[in-house]
Amino acid sequence: MSFHLSLSTESVMAAYPDDPLIVAPDATVSQVLQLMRVQQTGSVLVCSHGKMLGIFTDRDALRWMAKQTDNGSSGCETQPLSELMTREPTSLLATTTVGEAIRLMSAGRYRHLPIIGTNGIPSGMANVHGIVHYLVDHFPDTIYTLPPQPDMAQAEREGA
Amino acid sequence: MILCPSCGFENLEGNDFCDQCQNSLTDLSIPQPRTDVEQGLLKDTIELLKPRKPLTVSPDDNIGDVLQKMVAERIGCVMVVEEEKIHGIFTEFDALMKVNTSAKTMADRPISSVMTTSPVTIEIEHKIAYALHKMHVGGYRHVPVLNKGKLVGVTSIRDILNYLADRIVVPA
C-alpha cells in the first residue's frame, strides 16, 4: 500500500520539521527562556562549534521554574544552560524515514527529535505536531472536512 | 471530472446526474474512508485512547505549588477546576510563555491569572478523528475529555500518535 510504502521510504524532512533554534552552552537560563518566549518555541538545541551537545525543552524549563518557586533550593538565573540541558539526546539523520521517527518518538516518549545533517550540524527539529501534520496529509478528507461539532451532522439531506 | 460509476461517462465537475445515463452522482461527493486507519479514526471513540485522569487544581492555588506538582507528578498539564466545572488549563507551554523567568516573583499569584481560559474540550463518545482535527487545527497538545459535561480525563497528541503508530505498521 502506498501509504505504508511512503512511511518507510520518505525522509523525516518531509514531516514538517521546525528550523532548530540554536544556543551556546554558556548562555544563561534566563536568556534562553526569554528567547523561547519570543520565538514561541518549546525546544532549543545547545551547540558548540557546530556540534550538538544537548537539548533543552519546555519540560526542563518547567523543572527550573519549579525550583525557582521552591524557597528551599537555589536556582539561579545566570546558571549556564549546559547544566540543565539533556545531554546527547536521541537524534535523527536527514535520511531517517518517517516511520522510524514515529517509532522512536512513540517508544521514547519524545516530543522533539533533532535532525542532524550530513555535515554534523543540526538541520531541523522533528516534532510531534509535524509528524501528525504529515499523517493527516495522507487522509485529509477524514480530518479536514469534519464539522467543528460532531453533533452538527444532519441525519437527512436538506432541501427537496 | 466525475466518472459515472454505472456507465463510465466523464461528467463535468459538480454534476448532480450523469449526462449520459441520468444516474445520480450526488453520493460520489461524500468522502469515503479509503484505508483501515481512516475507518478506525471515524469509528473508534476517545474512550479507546484511555484518557488519563487529569491532575486538577483550584483557581486559587498559587503558581508555585502548581509548578511543583507538575514536576513531581511528571505531567505536562493541569486542569483548573471549580465545582466540577472546567475553568481553564495550564500546560508546560503556558508556563514557558507566561511565567518564564519571573517564576520567583509570580509564585504566590493564583493559577487563574496565567491559565488558558475555556479550553477546547471533547466528549468521551466522540470519534478520534475529531480529537485529531481539534489538536491539529488548533495546535494543542492536550484536550480535556468530558463525559456529559463532566471532566473525566485528558488526552494528548502523543496518545493519538501512539494510536496511529500502532495501526500504521511500518515494515522494518
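No experiment lies behind these values; they were computed from the predicted model shown.

**Q** Kindly report on the interface of chain B and chain A, identifying the contributing residues and their values.
**A** Note on interface size: it is often stated as the accessible area lost on association of the parts. Facing 42 residues of chain B, the contacting portion of chain A comprises 41 residues. Mapped by element, the contributors of at least two residues to the side of chain B that touches chain A are helix H1 (36–43), helix H2 (63–73), helix H3 (92–99), helix H4 (103–106), helix H5 (128–138) and helix H6 (157–167) of chain B. No other element matches H6 of chain B, which puts seven residues into the side of chain B that touches chain A. Residues of the side of chain B that touches chain A, tallied by class, amount to 28 nonpolar, 10 polar and four charged.

**Q** I'd like a description of the domain arrangement of chain B, backed by residues and values.
**A** In terms of domains, chain B is made up of domain 1 (2–30) and domain 2 (46–167). Each of domain 1 of chain B and domain 2 of chain B was reduced to a C-alpha centroid, and the two centroids are 47 Å apart.

**Q** Would you mind going over unusual backbone geometry in detail, with residue names and values included?
**A** All names here are of chain A. Not every positive phi belongs to a glycine, and His 49 is a case in point at roughly 50 degrees. Along the chain, His 49 turns up in the loop between strand S2 (43–48) and strand S3 (51–57). Judged by the 7 C-beta atoms lying within 10 Å of it, His 49 falls in the exposed class.

**Q** Before we move on, can you summarise the pairing of strand S9 (residues 150–156) of chain B with the specific residues and values?
**A** Residue and element names in this part refer to chain B. In this structure, strand S8 (residues 142–147) lies alongside S9, joined through six bridges in antiparallel fashion. Bridged to Asn 147 within S9 is Lys 150. What sits between the antiparallel neighbours S8 and S9 is a turn of two residues, in which Lys 148 has the positive phi angle 50 degrees.

**Q** Describe the sheet that holds strand S7 (residues 122–123) of chain B, with residues and values.
**A** Overall, mixed pairing links the three strands, which are arranged S7-S8-S9 (chain B) in an open sheet. Whereas interior strands pair on both sides, the edge strands pair on one side only; in this sheet they are S7 and S9 of chain B.

**Q** Help me get a handle on the pairing of S3 of chain A, residues and values and all.
**A** All names here are of chain A. Across the seven residues of S3, five count as buried, placing the element largely inside the fold. The sheet contact formed by S2 and S3 spans six bridges and is antiparallel. Within the sheet, the bridge partner assigned to Ser 43 lies in S3 and is Thr 57. Counted along the chain from S2 to the antiparallel partner S3, the turn is two residues long, and its residue His 49 has a positive phi close to 50 degrees. The sheet contact formed by S3 and strand S4 (residues 86–87) spans two bridges and is antiparallel. Counted as the bridge partner of Ile 55 is Thr 86 from S4.

**Q** So what's going on with H6 of chain B? Which residues, and what values?
**A** For H6 of chain B, the complete set of buried residues consists of Ile 157, Asp 159, Ile 160, Leu 161, Tyr 163 and Leu 164 of chain B. At its buried positions, H6 of chain B is contacted by helix H4 (98–108) and helix H5 (128–138) of chain A together with H1, H5 and S9 of chain B.

Thresholds applied
- Chains are numbered independently. Their residues run from 1 in the order of the written sequence.
- Chains and ligands are labelled sequentially in the order written, the chains with letters from A and the ligands with numbers from 1.
- Per-residue local features are limited, in this predicted model, to residues with pLDDT of at least 70; the limit for side-chain atom pairs, both in listing and counting, is 80 or more; totals at the level of whole chains, interfaces and linings are taken over all residues.
- What counts as a contact here is a pair of residues whose C-beta atoms, placed from the backbone, lie within 7 Å.
- Numbering goes from the N terminus for both helices and strands, where a helix is a DSSP run of H or I of at least four residues and a strand is a run of E of at least two.
- Three classes are used: nonpolar for Ala, Val, Leu, Ile, Met, Phe, Trp, Tyr, Cys and Pro, charged for Asp, Glu, Lys and Arg, and polar for all others, with Gly counted as polar.
- How far each domain reaches was decided by an automatic or database domain assignment.
- Our exposure labels follow a C-beta count within 10 Å of each residue's own C-beta, placed from the backbone: buried means 20 or more other C-beta atoms, exposed means 12 or fewer, and partly exposed covers the counts in between.
- Note on pairing: DSSP must find at least two bridges between two strands before they are called paired.

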